[in-house]
Amino acid sequence: MTTKERIKNSETRQFKAVFPNTTNHYDTLFGGTALSLMDEVAFITATRFSRQKMVTVSSNRIDFTKPIPAGTIIELIGKVSHIGKTSLKVEVNIYIEQMYSYQKEHAIFGEFTFVAIDENKDPVKITQ
């Protein structure tokens, strides 16, 4: 399988409903909850691409461009954006979907870096 095919096949999509127990005092999705969901999707994406043990080493950039209100559905999409020797980067985007309409808006962008590790937790080459 080519690298391009592996990137396509590892794209990860996850949907969540935004309930009041995940919101802050402004009735919007708590930023820490969004980061946790994004890291999970990024981890799954990295693992599906590499089929190796992967660990998060950094969240390079997170842009919160639109608040996510309670009572909406969110879609998280993870995609490998860069492959290095022992690391790779995954971009995660969150989109807001209104529950009772077809309206969809981009809300958050994030980039996460992962490193492949062996059984001793030492970095290893990402198999291509």
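Residues numbered from 1 in each chain as written. Predicted model: local features only at pLDDT ≥ 70, side-chain atom pairs only at ≥ 80, totals over all residues. Heavy atoms only, no water.

Identification of the protein as Acyl-CoA thioesterase from Polaribacter batillariae is taken from an unreviewed UniProt entry. What UniProt records for the protein under Sequence similarities (unreviewed entry) is the sentence "Belongs to the acyl coenzyme A hydrolase family." (UniProt positions renumbered as here; feature names shortened; annotations may be inferred.)

Draft legend 1. Spotlight on the nonpolar core. In terms of nonpolar packing, the biggest core is built from 26 residues, with Ile68 and Leu88 touching the most fellow members. Among the secondary structure elements, those contributing two or more residues to this core are α2 (31-50), β3 (72-83), β4 (87-98) and β5 (104-117). Broken down by element, this core gets its largest block of residues, 7 residues, from α2. What Ile68 contacts, discounting residues up to four positions off in sequence, is Val18, Asp27, Thr28, Leu29, Ile74, Ile94, Ile96, Ala107 and Ile108. (Core = buried A, V, L, I, M, F, W, Y, C linked by side-chain atoms within 4.5 Å. Buried < 20%, exposed > 50% of the residue type's maximum accessible area, 1.4 Å probe, protein only. Helix = DSSP H or I, 4+ residues; strand = E, 2+ residues; numbered from the N terminus. Contact = heavy atoms within 4.5 Å.)

Draft legend 2. Spotlight on the UniProt feature "domain: HotDog ACOT-type" (unreviewed entry) in the protein. As recorded in UniProt, the feature "domain: HotDog ACOT-type" (unreviewed entry) lies at residues 8-120. Secondary structure within residues 8-120 divides into 20% helix and 50% strand; the distance between the first and last C-alpha atoms comes to 30 Å.

Draft legend 3. Spatial organisation of the packing of helix α1 (residues 3-10) against α2. For the pair α1 and α2, the least separation of the axes is 8 Å and the interaxial angle reads 145°. Classified by chirality, the crossing of α2 by α1 is right-handed. On α2, the residues touching Thr3, Arg6, Ile7, Asn9 and Ser10 of α1 are Thr45, Arg48, Phe49 and Ser50. Partitioning the contact of α1 with α2 into residue classes produces 2 nonpolar, 5 polar and 2 charged. (Axes fitted to C-alpha atoms, helices over the stretch in contact; angles between N-to-C directions. Left-handed = near helix turned anticlockwise from the far one by under 90°. Nonpolar A, V, L, I, M, F, W, Y, C, P; charged D, E, K, R; others polar.)

Draft legend 4. Local environment of the packing of aromatic side chains. By the definition in use, this model includes 0 aromatic pairs. Here the guanidinium or amino end of Arg6 rests over the ring plane of Phe49, the centre of that ring lying 4.2 Å away. Cation over ring: Lys104 sits above Tyr95, and NZ or CZ is 5.3 Å from the ring centre. (Phe/Tyr/Trp six-rings, centres within 6.5 Å; stacked < 30°, edge-to-face > 60°. Lys NZ or Arg CZ within 6 Å of the ring centre and 35° of its normal.)

Draft legend 5. Broad picture of α2. When the terminal C-alpha atoms of α2 are compared, their 28 Å separation across 20 residues agrees well with the 28 Å that a helix rising 1.5 Å per residue should span. Three or more residues of α2 are buried, namely Ala34, Leu37, Met38, Val41, Ala42, Thr45, Ala46, Phe49 and Ser50. The secondary structure elements touched by the buried residues of α2 are α1, β1 (12-17), β2 (53-64), β3, β4 and β5. (Expected span 1.5 Å × (residues − 1).)

Draft legend 6. Summary view of the pattern of salt bridges. For the structure shown, the criterion picks out 5 salt bridges. One salt bridge in this structure joins Lys104 and Glu75, with 2.6 Å as the shortest N-O distance. Here the residue Lys104 occupies a position in strand β5, and Glu75 occupies one in strand β3, the gap between them amounting to 29 residues. For Lys104, a relative accessible area of 43% puts it in the partly exposed group. A residue is classified by how much of its surface remains accessible, and Glu75, at 3% relative accessible area, is buried. One salt-bridge network, in which partners are shared between bridges, spans Glu11, Arg13, Glu75 and Lys104. (Salt bridge = Lys/Arg side-chain N within 4 Å of Asp/Glu carboxyl O.)

Draft legend 7. Looking closely at α1. Turning to α1, its buried residues number three or more, namely Arg6, Ile7 and Ser10. Along α1, the residues classed as buried sweep out an arc of 100° about the axis, all on the same side. Opposite the buried face of α1, by more than 90 degrees, sit the exposed residues Lys4 and Lys8. Elements in contact with the buried residues of α1: β1, α2 and β3. (Arc of directions from axis to C-beta.)

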